[in-house]
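As a plain string of letters, each chain reads:
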Amino acid sequence: MTRPWITDGRLHFAVGVEDTFVPQAVEGERPIDEYELTEHYARVEDDLGLAKDVGCDLVRWGVPWYRIQPEPDRWDWSWLDRAMARFGELGLSPIVDLMHYGTPLWLDGQFDHPDYPRLVAEYAAKVAERYPDVARDFTPVNEPMIHSLFCGEYGYWPPYLSGGTGLTRMATQLADGFRRTQNAIVDVAREEVSFVHVDAGMRYVGDVDAPEHAEHVRRLTEQVWLVEDLVTGRVDATHPLARFLLDNGADEALLADLVAHPVAPDVMGVNYYPLHSTEVFEAGVHHGGGFADPRPTRDDGTDGLAELLREAQRRYGAPVMISETCVTGSVDARSRWMAESLDLAADLRAEGMDLVGYTWWPLFDMYEWTYRHATGPRADHLLTMGLWSLEEAPSGLERVATPLVEQFARHAAEPRFGA
């Protein structure tokens, strides 16, 4: 039985609290914990109250695994108990991000550790078992292809693998942990649960048919969906990336097992940022991608979002959700995008798309991942993205309402988004 919010015919409004965790520190790289940077640990009760104030019934929100399991045989539930109690008081449903980049400090090799798939599933089951009355919607891994790129191909984050072999190792490890996580939660759930799978929507435009780019673009276009294809059992011998994976060291037995024992999304989420989600290829120009050698981007607005949502629904046959969106910019720019993207949501639903959720990410401003490689204060890395702005004050980071708060609440109450 599917969770009622997925089938009741409404567009459900959500916000996200940025929850990237990369707790491992090495020379020249400091930890990232967005909850610490934004002071969410101290302000969690008030922050969740802000989500309730704007008319949300869902919050995309993550668990800092490295903090609740500080040692292999020790669990510290104190902060998570506080947070889950507040969700219950407010009547908000968390869509729980179980993995948003960070593994525990004691796990040598991080995602590359041979026991990672088993350990992440055990952790997920403990969370689900502890909070059955509150935590009923789960994202096993947020943006698993971004994980694979940053930790695998680009070597930015632990375990610092690189190239096609690194990408393949990360994608298959994450996929194995992903499906084990989902199965483990089902095994312990005492209430009906749902699974919201989420990945970053990416598009490639420009001179994509140029001889020097065509093969690469074909790989990238399929790669957007690779981990989701793995966990849903689609990567058999006929898959466009099967040869790439095998040539780069994929375990054939694991690939066969993923085909034989798939898991499915109850909702397929697409993360889309109009200023970043469409990359441009230029004839005669070569970029490696990522922070080190980025390709130029193009703002294709709602056209790009519509294309990715249609592809997600076609590919997986599940209801879809705009699981992250916003623009980084002025309040006016954010206001325009909110209105445009919600108009698109209404139009797609009118056309018959089973679009069940819309998430503004984040609830309040966040800090750019460049913080990890810098030495200056967090203020140097502030991203103006939220409904509330973050402003430094003697008492800490104040949440200051922007006009977007009222706008979001107004949209959430519009009759056109009801059943």
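These lines cover the structure that appears in this document, whether it is placed above or below. Every chain's residues receive numbers from 1 upward, in the order its sequence appears when written. Two thresholds apply to this predicted model, a pLDDT of at least 70 for residue-level local features and 80 or more for giving and counting side-chain atom pairs, whereas whole-chain, interface and lining totals are computed over all residues. Neither water nor hydrogens contribute to the side-chain values; these are computed over all heavy atoms in the structure.

**Quick word on the overall build of the protein**
Item 1. Within the protein, the regular secondary structure consists of 15 helices and 16 strands.
Item 2. Each residue is placed in one exposure class: buried if its accessible area under a 1.4 Å probe, protein chains only, is under 20% of its type's maximum, exposed if it is over 50%, and partly exposed if it falls in between. The buried share among the 419 residues of the protein stands at 60%.
Item 3. Considering only contacts in the protein between residues 6 or more positions apart, those separated by 24 or more positions represent 76%.
Item 4. Positive charges are assigned to Lys and Arg, negative charges to Asp and Glu, while His and the chain termini are left out of the count. For charged residues, the charge sits on one atom: NZ in Lys, CZ in Arg, CG in Asp, CD in Glu. Charged side chains in the protein number 36 positive and 70 negative. The centres of these two groups are separated by 3 Å. Starting at the N terminus, helices and strands are each numbered in turn, a helix being any DSSP run of H or I of at least four residues and a strand any DSSP run of E of at least two. Here, residues are in contact when the closest pair of their heavy atoms is within 4.5 Å.

**Topic: helix α13 (residues 301–316)**
Item 1. What a helix should span is 1.5 Å times the count of its residues minus one. A rise of 1.5 Å per residue sets the reference length of α13, with its 16 residues, at 22 Å; its end C-alpha atoms lie 24 Å apart and thus fit the reference within 8%.
Item 2. Those residues of α13 not exposed but buried are Gly301, Gly304, Leu305, Ala306, Leu308, Leu309, Ala312, Arg315 and Tyr316.
Item 3. One or two residues past the end of α13 sits Gly317, with phi positive at roughly 65°.

**Concerning the environment of Asp332**
Item 1. Tracing the backbone shows Asp332 in helix α14 (residues 331–350).
Item 2. Asp332 sits in the exposed class, given a relative accessible area of 55%.
Item 3. For the pair formed by Asp332 and His216, sequence separation is 116 residues and the distance between their alpha carbons is 37 Å.

**Observations regarding the nonpolar core**
Item 1. We call a set of buried Ala, Val, Leu, Ile, Met, Phe, Trp, Tyr and Cys residues a nonpolar core when their side-chain atoms join them within 4.5 Å. Among the nonpolar cores identified, the biggest contains 130 residues, and Trp61, Leu387 and Phe408 are the most heavily contacted of them.
Item 2. Broken down by element, the residue count for this core peaks at eight residues, all from α14.
Item 3. Counting residues in each nonpolar core, the second largest holds ten residues, with Ile6, Ile95, Val198 and Val356 among its members.

**Concerning a negative patch on the surface**
Item 1. A cluster of acidic side chains, namely Asp207, Asp209, Glu212 and Glu282, defines a negative patch on the protein surface.
Item 2. As for its placement among the helices and strands, Glu282 is situated in the loop between β10 (278–281) and α13. Here a patch means residues that are over 30% exposed by relative accessible area and free of salt bridges, tied together within 9 Å if like-charged and within 5 Å if nonpolar (Val, Leu, Ile, Met, Phe, Trp, Tyr). Surface accessibility in these figures is a Shrake-Rupley result with a 1.4 Å probe; residues are shielded only by whichever protein chains are displayed. For this document, the term salt bridge refers to a Lys or Arg side-chain nitrogen within 4 Å of an Asp or Glu carboxyl oxygen.

**With respect to the packing of aromatic side chains**
For any two aromatic rings, the description comes down to two numbers: the centre-to-centre distance and the angle of the planes.
Item 1. Ring geometry is summarised as follows: Phe, Tyr and Trp rings, the Trp one being its six-membered ring, pair when their centres sit within 6.5 Å, and such pairs are stacked at plane angles under 30 degrees, edge-to-face over 60 and tilted between the two. On inspection of all chains with the given rule, the structure shows 29 aromatic pairs.
Item 2. With a centroid separation of 5.2 Å and an interplanar angle of 80°, the aromatic rings of Phe111 and Tyr116 are classed as edge-to-face.
Item 3. A relative accessible area of 0% means that Tyr116 is categorised as buried.
Item 4. Here the aromatic residues Phe21, Tyr35, Tyr41, Trp61, Tyr66, Trp79 and Phe87 are joined through ring pairs into a cluster of three or more.
Item 5. A ring has a charge above it when a Lys NZ or an Arg CZ is no more than 6 Å from the ring centre and no more than 35 degrees off the ring normal. Sitting above the plane of the Tyr41 ring, Arg67 keeps its charged end 3.8 Å from the centroid.
Item 6. The ring of Phe364 is capped by Arg399, whose NZ or CZ atom sits 4.4 Å from the centre of that ring.

**Quick word on helix α5 (residues 78–90)**
Item 1. In a regular helix each residue adds 1.5 Å, so 13 residues correspond to 18 Å; α5 covers 19 Å between its end C-alpha atoms and thus fits that length.
Item 2. Those residues of α5 that fall on the buried side of the exposure criterion are Trp79, Leu80, Ala83, Met84, Phe87 and Leu90. Looking down the long axis of α5, one finds its buried residues gathered within 125° of arc, a one-sided arrangement.
Item 3. Among the structural elements, α2 (34–37), α3 (40–53), β4 (58–62), α4 (65–68) and β5 (93–97) are those in contact with the buried residues of α5.
Item 4. Phi turns positive, to about 70°, at Gly91, one or two residues after α5. Working note: the arc is built from the helix axis to C-beta atom directions.

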